[in-house]
Each structure stands twice: as structure tokens, then as C-alpha cells.
Amino acid sequence: MYVCICAAVTDTEVRSCIARGARTVEEVGEACEAGTGCGSCHDHIDVFLAAGHAPSELAELPISA
Ligand code: FES
């Protein structure tokens, strides 16, 4: 699925950029060009950023001995 139509960037590519260290919409744009055109996809990229950096649900589970 395309996240950014202007740059023809898919969700897989955006996830890959985030996995490689992109932390902002601007950094995603520098890494893969997503969001560097009209800007209408910035909110969508933000959703991927939030999901990519959300703490794992498993990490929040209590540790039992
Ligand atoms: S759709 Fe991403 S910059 Fe236009």
C-alpha cells in the first residue's frame, strides 16, 4: 500500500526507514523521500512513527519469578 503517492513510497519502505532509525517525518523523508511532496501524507507517516516507537506490550507485563 502506498503511504506517499507523490514519491511512490509504500508502507513497507516507511517501516524500513523507521526501523533503520528515522524518528521524525523529516527523517523519513530524508531516508526514502516519503512526505517530501505535497505533505498530505504526513499524518499517515506520523501513525507509522508512533506505532514503530510504541513500547512493546510485552515489555509492560509484570515480571514474575
Ligand atoms: S502524498 Fe506524500 S508528499 Fe504528497
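What counts as what
Residues numbered from 1 in each chain as written. Predicted model: local features only at pLDDT ≥ 70, side-chain atom pairs only at ≥ 80, totals over all residues. Helix = DSSP H or I, 4+ residues; strand = E, 2+ residues; numbered from the N terminus. Buried ≥ 20, exposed ≤ 12 C-beta atoms within 10 Å, placed from the backbone. Contact = placed C-beta atoms within 7 Å. Arc of directions from axis to C-beta. pLDDT = per-residue confidence, 0-100. Core = buried A, V, L, I, M, F, W, Y, C linked by C-beta atoms within 7 Å. Axes fitted to C-alpha atoms, helices over the stretch in contact; angles between N-to-C directions. Parallel < 35°, antiparallel > 145°, perpendicular 65-115°, else oblique. Nonpolar A, V, L, I, M, F, W, Y, C, P; charged D, E, K, R; others polar.

A. View of the overall build of the chain. A count of helical and extended segments in the chain gives three helices and two strands. Mapped in sequence order, the helices and strands of the chain form the string β-β-α-α-α. Counting only residues that meet the buried cut, the chain has 25% of its 65 residues in that class. Excluding contacts between residues fewer than 6 apart, the proportion of contacts in the chain whose partners are at least 24 apart in sequence is 40%.

B. Seen up close, helix H1 (residues 11-19). Within the span of H1, buried status applies to Val14, Cys17 and Ile18. Down the axis of H1, the buried side of the element spans an arc of 100 degrees, and every buried residue falls inside it. Facing away from the buried side of H1 by more than 90 degrees, the exposed set consists of Thr12 and Ala19. Looking at the buried side of H1, the elements it contacts are strand E1 (2-4), strand E2 (9-10), helix H2 (25-32) and helix H3 (42-53). Of the residues trailing H1, Gly21 is marked for its positive phi of about 125 degrees.

C. Up close: the environment of His42. As for its position among the elements, His42 is in helix H3. Residue His42 is classed as partly exposed on the basis of its 15 C-beta neighbours within 10 Å. Separated by 14 residues in sequence, His42 and Val28 place their C-alpha atoms 10.0 Å apart. In contact with His42, other than residues within four places in its own chain, are Val25 and Gly35.

D. Just the confidence of the model for the chain, in detail. When pLDDT is averaged along the chain, the result is 90, and 88% of the positions lie at 70 or above. Averaged pLDDT values over the elements of the chain bottom out at 93 in H3 and peak at 98 in E2.

E. Structural view of the nonpolar core. In terms of nonpolar packing, the biggest core is built from 14 residues, with Val3, Val14, Val28, Ala34 and Ile45 touching the most fellow members. Every residue in contact with Val3, bar those within four places of it in the chain, is listed here: Val9, Thr10, Asp11, Val14, Ala34, Cys41, His44 and Ile45.

F. How the structure looks around the packing of H1 against H2. The geometry of H1 relative to H2 is characterised by a closest axis approach of 9 Å and an angle of 110 degrees between their N-to-C directions. Regarding the angle of H1 to H2, the classification is roughly perpendicular. Contact residues: H1 offers Glu13, Val14, Cys17 and Ile18, while H2 offers Val28, Ala31 and Cys32. The residue makeup of the contact of H1 with H2, split by class, is six nonpolar, no polar and one charged.

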